[in-house]
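Residues per chain, in single letters:
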Amino acid sequence: MSYFLDESPREECGIVGIFAPNEDVARMAFFGLFALQHRGQEAAGIAVSDGNLMRMHKDTGLISQIFHPRTLVDLQGHYAIAHTRYSTTGSSSIRNAQPFMIETMNGPVALAHNGNLVNSTALRDELLHSGVGFSSSSDSEVMTMMLARNGGDTWVERLKHAMTLWKGAYSLVMLTRDCVYAARDPWGVRPLSVGLLPHGGYAAASETGALHTLGCQAIREVNPGEIVTLSDKALIVTQAVKPAENLARCVFEMIYFSRPDAVWDGRSVHQVRQNLGRELARELPTEADVVIPTPDSGIPAAIGYAMESGIPYNDGFIKNRYVGRTFIEPTDSLRTRGVALKFNVINENVLGKRVVMIDDSIVRGNTTGPIVRLLREAGAEQVHLRVTCPPIAHPCFMGVDMGTYDDLIAHKRSVEEIRNHIGADSLHYLSLEGMMHAVGRQDGYCQACFTGRYPLEVDLNSAKTGFEKGIA
Ligand code: SF4
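Within any chain, residue numbers begin from 1 and follow the written order of that chain's sequence. The model is predicted, so local features are restricted to residues of pLDDT at least 70 and side-chain atom pairs to those at 80 or more, both for listing and for counting; the totals for chains, interfaces and linings are taken over all residues.

### Re the site of the ligand
So, point 1. Each residue gets a C-beta atom placed from its backbone. If that atom is within 6 Å of a molecule or strand, the residue is near it. Neighbouring the ligand are Val189, Cys250, Val251, Phe252, Cys396, Met398, Val400, Cys446, Gln447, Ala448 and Cys449.
So, point 2. Listed by contribution, the elements that provide at least two residues to the shell around the ligand are α8 (251–257) and α19 (448–451). Strands are runs of DSSP state E lasting at least two residues, helices are runs of H or I lasting at least four, and both sets are numbered from the N terminus onward.

As C-alpha cells, then:
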C-alpha cells in the first residue's frame, strides 16, 4: 500500500548502467535514476569512468537533493553505474549507500546491487576470517570484496565465479575502467533489462520505464544467470550460471513495486494490475455504488474491477505527494495524523455511497483502519475493502522489507479478525490462483510471502541489520 510510509512493503533498490560514447553519462544516469526513485528514497549514487579514472558521488536523501548540475559536471566519462537505495540488508546510514567503489589488483571496480543474498552472513564471515575488513553492513560490499579477490583473467570470469557462490536475489551493475556489466541471479528474482541507446551505446536498468526515459530501443531482459557486457564492442551476452529450474520472479513487482509502465516477463505491469482487479470482481461480486483506488498503486486494479463489475470508477482521495517521510516520522502526534496529512477524501464521491476500495496489500495493518475511518467520516455508507493479493503472512528474505513475522498482521490474525480490526464492512483478499491467473502464469514466480514456500533455503531468524555487530 503506497499511501502510508509505515505500512508499505518497502521498495528495494533501483539500478542503472550505461555505456554511451560522447554523451554526458552522469546526466543520463541521473535521469535513469529519477525514473526509479520509487524503488528507494534513502540514498543514491553515481559512479563514472572515463576509461582511465573512476569517480563517484553518493549521499543519503532523494536523487534531486543529492545531485546538482555542478556535481554532475565533475562526473565525466563514457561508462556509468547508478543506484537508488532502500536498505534491505544494512541500515540506512551513508556508509551503506551505493555504488561501492574500491581499488583492486585488477584496477578499480564499482558495484550497485538490487536484492538480498540469503548466504551473505557466511560469505562475510569467510572474508573476515581471511583478513578482509568492511566499512559497511551491506551485503553489496561483501559482493564487491569477493569480486576484488576472485582469480580469473577477466572481469567476466571473476563475476562468473562469484555468481556460483552467491545464493539469493541479485540484479547488479558493475563498473570497471572500460566496461559496464549487468548480471542477474539464476532465479531471476529482481528485474533487469538492457536496451540500445539512440545515439550509440547501451543502457541497463531495473525497469523498462527508465530505459524508455533514456530513449532506448530493442529492449530485452537480462535473463536469469546472464552477464551482459556493455562496452564499445557489440553487446556481449554470457550465460554465467544455469538458470534455476524453479525460477522465482518476485510477484510483488507485478502487484506493487514496479511502475505500471514497466514490462517484465513479457507482460505489461499495468495490464496485470487491471487483471488483478478483474479477478477480484469475479471472485466476490459485491453490490456497491462506486469503486475507488488507494492512490496511486491501486488505480489500474480499481479500473479493472470497475470494468468487470460494471460499478462506476471514481477518485476517492487526493494524495499530497510532497509530504515526505522525514517530516512525518519524528513526532508521535504527526505520525498518528499521517494518513490525514497525506490524504484528503473527495467527499461528494463517497457521501451516502457503498464504496469498494481497491488496495494492493495490507502488511502491518496499522494504517488501513485510519483510511477506512476517513471514508466513513466523509459519509461513506459502507466500505468494502478488496486487496489484489493474498494475505502476506511470511517475511521476505530476497530484498523486500516487510518486517518480521511479528510485524505481519496476517500472520497473527484471521481475515475476519483483520476486517474487524480495520473496521471495514467486508474484506476480501484475492486468492493465489486468482493472482497467478491475472499474472498469466502459474509457475516461475516467487510467492513465498503468501505461502511460506521459499525458492531457496533461508534463515528465518536473520535480521536486516544482522551484520552490525561492532560499528554504529
Ligand atoms: S517473498 Fe514476496 S516480496 Fe519477497 S521475493 Fe518472494 S514474492 Fe517477492
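### Here we look at the domain arrangement of the protein chain
So, point 1. For the domain bounds, the source is a domain assignment made automatically or taken from a database. Once the domains are mapped, the protein chain shows domain 1 (13–248) and domain 2 (268–444).
So, point 2. With centres defined by C-alpha atoms, the gap from domain 1 to domain 2 works out at 33 Å.
So, point 3. Broken down by element, the residue count for the side of domain 1 that touches domain 2 peaks at three residues, all from strand β6 (residues 107–117).
So, point 4. Polarity classes work like this: nonpolar for Ala, Val, Leu, Ile, Met, Phe, Trp, Tyr, Cys and Pro, charged for Asp, Glu, Lys and Arg, and polar for all others, with Gly in that last group. When grouped by side-chain class, the residues that make up the side of domain 1 that touches domain 2 number four nonpolar, five polar and one charged.

### Considering the sheet that holds strand β12 (residues 226–230)
So, point 1. The sheet built from six strands is open, its strands ordered β5-β6-β7-β8-β12-β13 with antiparallel pairing. The open sheet has two edge strands, β5 (100–104) and β13 (236–239), and neither has a second partner. The average angle at which neighbouring strand axes cross in this sheet is 20°, direction not considered.
So, point 2. Whether two strands pair comes down to DSSP finding at least two bridges between them. Bridge count between strand β7 (residues 168–176) and strand β8 (residues 179–184): six bridges; the pairing is antiparallel. Bridging across to β8, Leu175 finds its partner in Val180. All axes are obtained by fitting lines to C-alpha atoms, using only the stretch in contact for helices, and the reported angles, taken between N-to-C directions, cover 0 to 180 degrees.

### Some thoughts on the packing of helix α9 (residues 269–283) against helix α18 (residues 432–439)
So, point 1. Orientation of α9 relative to α18, taken along the N-to-C sense of each, is 145°, at an axis distance of 8 Å. Crossing handedness for the pair α9 and α18: right-handed. Here Val272, Asn275, Leu276, Glu279 and Glu283 of α9 lie close against α18, whose contacting residues are Gly434, Met435, His437, Ala438 and Val439.
So, point 2. Looking at side-chain class alone, the contact of α9 with α18 contains five nonpolar, three polar and two charged residues. By convention the crossing between two helices is left-handed if the near helix lies anticlockwise of the far one by an angle smaller than a right angle, and right-handed if it lies clockwise. By the criterion used throughout, residues are in contact when their C-beta atoms, derived from the backbone, lie within 7 Å.

### Comments concerning the packing of helix α5 (residues 139–149) against helix α6 (residues 155–165)
So, point 1. Contact geometry for α5 and α6: axes closest at 9 Å, N-to-C directions at 130°. In terms of axis orientation, α5 runs oblique to α6. The interaxial crossing formed by α5 with α6 has right-handed handedness. Contacts between α5 and α6 involve Met143, Met146 and Leu147 from the first element and Arg158, Leu159 and Ala162 from the second.
So, point 2. Partitioned by chemical class, the residues of the contact of α5 with α6 number five nonpolar, no polar and one charged. An angle below 35 degrees is read as roughly parallel, one above 145 as roughly antiparallel, one from 65 to 115 as roughly perpendicular, and any other as oblique.

### Some thoughts on the pairing of strand β20 (residues 354–359)
So, point 1. Counting buried residues along β20, five of its six residues qualify, which places the element largely inside the surrounding structure.
So, point 2. Pairing of strand β17 (residues 290–293) with β20, which is carried by four bridges, proceeds in the parallel orientation. Bridge pairing in β20 places Ile292 opposite Met357.
So, point 3. Sheet topology places β20 next to strand β21 (residues 382–387); six bridges connect them, and they run parallel. Residues with at least 20 other C-beta atoms within 10 Å of their own are called buried, those with 12 or fewer are called exposed, and the rest are partly exposed. The C-beta atoms themselves are positioned from the backbone.

### Focus on the sheet that holds strand β10 (residues 202–205)
Backbone hydrogen bonds are what pair the strands of a sheet, in a parallel or an antiparallel way.
So, point 1. Read from one edge to the other, the open sheet built from seven strands follows the order β3-β2-β4-β1-β10-β9-β11, with strand pairing classed as antiparallel. Both edges of this open sheet fall to β3 (54–60) and β11 (217–221), since each of them pairs with a single strand only. The average angle at which neighbouring strand axes cross in this sheet is 10°, direction not considered.

### Digging into the environment of Thr367
So, point 1. Note on placement: Thr367 falls in the loop between β20 and α15 (368–377).
So, point 2. Looking at Thr367, the number of C-beta atoms within 10 Å reads 21, which means it is buried.
So, point 3. Along the backbone, Thr367 and Val339 are 28 residues apart, and their C-alpha atoms lie at a distance of 7.2 Å.

### Topic: the confidence of the model for the protein chain
So, point 1. What pLDDT conveys is the predictor's confidence in a given residue, as a value from 0 to 100. Residue-level pLDDT values for the protein chain average 90, and 90% of them are 70 or greater.
So, point 2. Low confidence marks residues 1–6, where pLDDT is under 50. Its contacts with residues over four positions away, or in another chain, come to 26 contacts.
So, point 3. Of the regions scoring below 50 in pLDDT, residues 464–472 engages in 13 contacts with residues more than four places distant in sequence or in other chains.

### Some words on helix α10 (residues 299–309)
So, point 1. Counting buried positions along α10 yields eight of 11 residues, so the element is predominantly enclosed.
So, point 2. Of all the positions in α10, only Ile299, Pro300, Ala301, Ala302, Gly304, Tyr305, Ala306 and Ser309 are classed as buried.
So, point 3. Each element contacted by the buried residues of α10 is listed here: α9, β17, β20 and β21.
So, point 4. Positive phi appears at Gly310, one or two residues downstream of α10, with a value of about 80°.

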